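Listed below, chain by chain, are the residues.
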Amino acid sequence: MPGHPNEAFSTSAPTSGLITSADIPRDIPVFRTASVLLSSAARAGYQRLVEKLTADGGLETLDKISICYMGADFKPLLLVSGDSANVQTTVLAPNKAYTAILLARDTVDVGPRMRELHVAPPSYGNDRITDFAGGVRIWRQDVGTIGGVGVSGLDPLADHKLALVARDLILEPYPEFESPSKPGFYEEI
């Protein structure tokens, strides 16, 4: 089997560059299928996020943030940082995605739970776990967590809301993935 998820589909990939469910051979396990779709969707979803922010006058927001799309294997699929983003955001965005994947929950829920238990992230023995909001998981009901999105550079709640928008935009063409967020998050940023 090829090393990179998209190598298996190089001859049958659609001209748009976006791999769809119909392009995946049926003999590939569901989890691998989900990973291939997520890998393809990350770039297209980021482009839709840029278009949305541009149309809504939010390019200033995009310039301040780093965003990371990560697969369930904890490998970044895409990491993008704005020109005005603090260098720490390039560490925090992947760590937020990592935490959402590892703990199978959005990081906005991690901080309150840690405080309730009087536990700090380093207590887990893993310095990548963060309790900052801005990491959301991507999951399928039949498979579980298949990836995550991390956003850093704004205040934590705004990071979380933008991460939800980013996740929803990469999932838009894939109805087989769950997207529990509701419309209107972006408007509140």
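Structure: above.
Residues numbered from 1 in each chain as written. Predicted model: local features only at pLDDT ≥ 70, side-chain atom pairs only at ≥ 80, totals over all residues. Heavy atoms only, no water.

1. Focus: the overall build of the protein chain
- Regarding its fold elements, the protein chain presents 5 helices and 4 strands.
- Along the protein chain, helices and strands appear, N-terminal first, in the series α-α-β-β-α-α-β-β-α.
- Residue burial in the protein chain is summarised as follows: out of 189 residues, 45% are buried.
- For the protein chain, contacts bridging at least 24 residues in sequence account for 62% of all contacts bridging at least 6.
- Carbon and sulfur atoms make up 54% of the accessible area of the protein chain, which amounts to about 9400 Å² in all. (Helix = DSSP H or I, 4+ residues; strand = E, 2+ residues; numbered from the N terminus. Buried < 20%, exposed > 50% of the residue type's maximum accessible area, 1.4 Å probe, protein only. Contact = heavy atoms within 4.5 Å. Areas by Shrake-Rupley, 256 points an atom, 1.4 Å probe, with all protein chains shown as cover.)

2. As for the sheet that holds strand 2 (residues 76-81)
- Here 4 strands make up an open sheet; going across it, the order is 2-1-4-3 and the pairing antiparallel. The sheet is open, and its two edges are formed by strand 2 and strand 3 (135-140), each paired on a single side. Strand-to-strand, the axes of this sheet are offset by a mean angle of 10°, without reference to chain direction.
- With 6 bridges connecting them, strand 1 (residues 66-71) and strand 4 (residues 144-152) associate as antiparallel partners. Across the sheet, residue Cys 68 finds its bridge partner in strand 4, namely Gly 150.
- Against the sheet, helix 3 (residues 89-103) touches strand 1, strand 2, strand 3 and strand 4, its axis set at about 155° to strand 4. (Pairing = 2+ DSSP bridges. Axes fitted to C-alpha atoms, helices over the stretch in contact; angles between N-to-C directions.)

3. Considerations on the packing of aromatic side chains
- Per the counting criterion, the structure on display carries 1 aromatic pair.
- Taking 4.8 Å as the distance between ring centres and 50° as the angle between the ring planes, the aromatic pair formed by Phe 74 and Tyr 98 counts as tilted. Within this pair, whereas Phe 74 is found in the loop between strand 1 and strand 2, its partner Tyr 98 is found in helix 3, the two being separated by 24 residues in sequence.
- The cationic tip of Arg 128 hangs over the ring face of Tyr 98; the distance from NZ or CZ to the ring centre is 4.2 Å. (Phe/Tyr/Trp six-rings, centres within 6.5 Å; stacked < 30°, edge-to-face > 60°. Lys NZ or Arg CZ within 6 Å of the ring centre and 35° of its normal.)

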